[in-house]
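Observations on chain architecture
Here's the letter readout for the chains.
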Amino acid sequence: MTKSDFFSGISASWDEQHSSPEEQEKLRRFAGHFRLRPGDRVLDAGCGSGRLIPLICEAVGPQGSLVELDFAPGMLEIGRKKARGLRVTFVAGDAHDLPFANGDFDKVIALALLPHLDDRGAAMKEFRRVLKPNGLLVIAHQLGREALDRLHNESSEPVRRDRLPEKPVLAGLLATAGFISCEIIDEPGQYVAWALA
Ligand SMILES: C[S@@+](CC[C@H](N)C(=O)[O-])C[C@H]1O[C@@H](n2cnc3c(N)ncnc32)[C@H](O)[C@@H]1O
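Now for a quick tour of the structure. Quick caveat: nothing in here was measured; it's all calculated off a predicted structure.

If you check the shell around the ligand, you find 19 residues, and the closest are Gly46, Arg51, Asp70, Ala95 and Leu111. The separation between a nitrogen atom of the ligand and a polar main-chain atom of Gly46 is 2.6 Å. Contact with the protein chains hides 98% of the accessible area of the ligand, taken as 590 Å² for the molecule alone.

Quick look at the structure:
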């Protein structure tokens, strides 16, 4: 089974698992890490079922715009239902080969995507390419690295071996991709990286 099929297959349960008021509130607090501003053009890479749509749209306001990208059609289908009346574009695509022009975005958000990337170096280069100068990549996980690695270890194929890299490894990938600076929090309970293009 491909990862795209796997994620399409779990799309309904993923959405259900994350749609309780408690989960939404937790996400709302966590979303402060995204440093969104009114007017931002944002790429939500590996957007899943679109749980960030209301939060991002509210933060960027009517002058901003949001592109939801995922390679699992099942996830995008659920997301589309959440975007009625909002300024959101949906794109079926792979984070390793983004279908966007250079310098298209102010922010790229990758929430719970990094462990699933087969070629992290290639994806980081793509994120760097589509960001404007001084644009910001935010890589974020609401679980810490060790907890997330344990969770994946208990999951089925094809995500069983998906892992979050330790801080020096991610810092190296970001530098090689051309990001000019990065800040990484890798602690129990959260994993967040900010990288400036
Ligand atoms: C763990 S889910 C997180 C979804 C969403 N960001 C969230 O936090 O609710 C990972 C998502 O990344 C997508 N994904 C994984 N690898 C991808 C890739 N190479 N390109 C695009 N999407 C990818 C999956 O289809 C899935 O929807």
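Moving on, there is more to tell.
Take the nonpolar core next. Leu43, Phe127 and Leu137 are the most contacted members of the largest nonpolar core, which has 32 residues in total. At the level of secondary structure, the elements contributing two or more residues to this core comprise β1 (41-45), β2 (65-70), β4 (105-111), α6 (120-130), β5 (131-141), α8 (167-176) and β7 (190-196). Counting residues per element, this core draws most heavily on α6, which supplies four residues.

For the rest of this paragraph, the subject is the sheet that holds strand β6 (residues 181-187). Read across the open sheet, the seven strands follow the order β3-β2-β1-β4-β5-β7-β6; overall the sheet is mixed. The two strands at the open ends of the sheet, each matched to only one other strand, are β3 (88-92) and β6. Pairs of neighbouring strands in the sheet enclose a mean axial angle of 15°, with direction left out of account. Sheet topology places β1 next to β2; five bridges connect them, and they run parallel. Directly across from Leu43, in β2, lies its bridge partner Val67.

Where a strand is regular, its side chains alternate between the two sheet faces. In this sheet, β3 lies alongside β2 in parallel orientation, the contact comprising five bridges. Directly across from Asp70, in β3, lies its bridge partner Ala92.

About the cut-offs
Along each chain, residue indices are assigned from 1 in the same order as the chain's sequence is written. Per-residue local features of the predicted model are confined to residues with pLDDT of at least 70, and side-chain atom pairs are confined, for both listing and counting, to 80 or more; whole-chain, interface and lining totals are unaffected and use all residues. Each side-chain value is derived from all of the structure's non-hydrogen atoms; neither hydrogens nor water enter the calculation. We call a residue near a molecule or strand whenever a single non-hydrogen atom of that residue lies within 4 Å of it. The definition of a polar contact used here is a pair of N or O atoms within 3.5 Å, where within protein one atom must be able to donate a hydrogen and the other to accept one, and adjacent residues in sequence count solely through side-chain atom pairs. Only the protein chains shown count as covering a residue, and every accessible area follows the Shrake-Rupley method with a 1.4 Å probe. For this analysis, a nonpolar core means a set of buried residues of the types Ala, Val, Leu, Ile, Met, Phe, Trp, Tyr and Cys, connected via side-chain atoms within 4.5 Å. Accessible area is worked out with a 1.4 Å probe on protein chains only. A residue is then buried under 20% of its type maximum, exposed over 50%, and partly exposed in between. Secondary structure elements follow DSSP: runs of H or I no shorter than four residues count as helices, runs of E no shorter than two count as strands, and numbering proceeds from the N terminus. A pair of strands counts as paired when DSSP detects no fewer than two bridges linking them. Between N-to-C directions, angles cover 0 to 180 degrees, with each direction set by a line fitted to C-alpha atoms, over the stretch in contact for helices.

Purely geometric numbers; function is a separate question.
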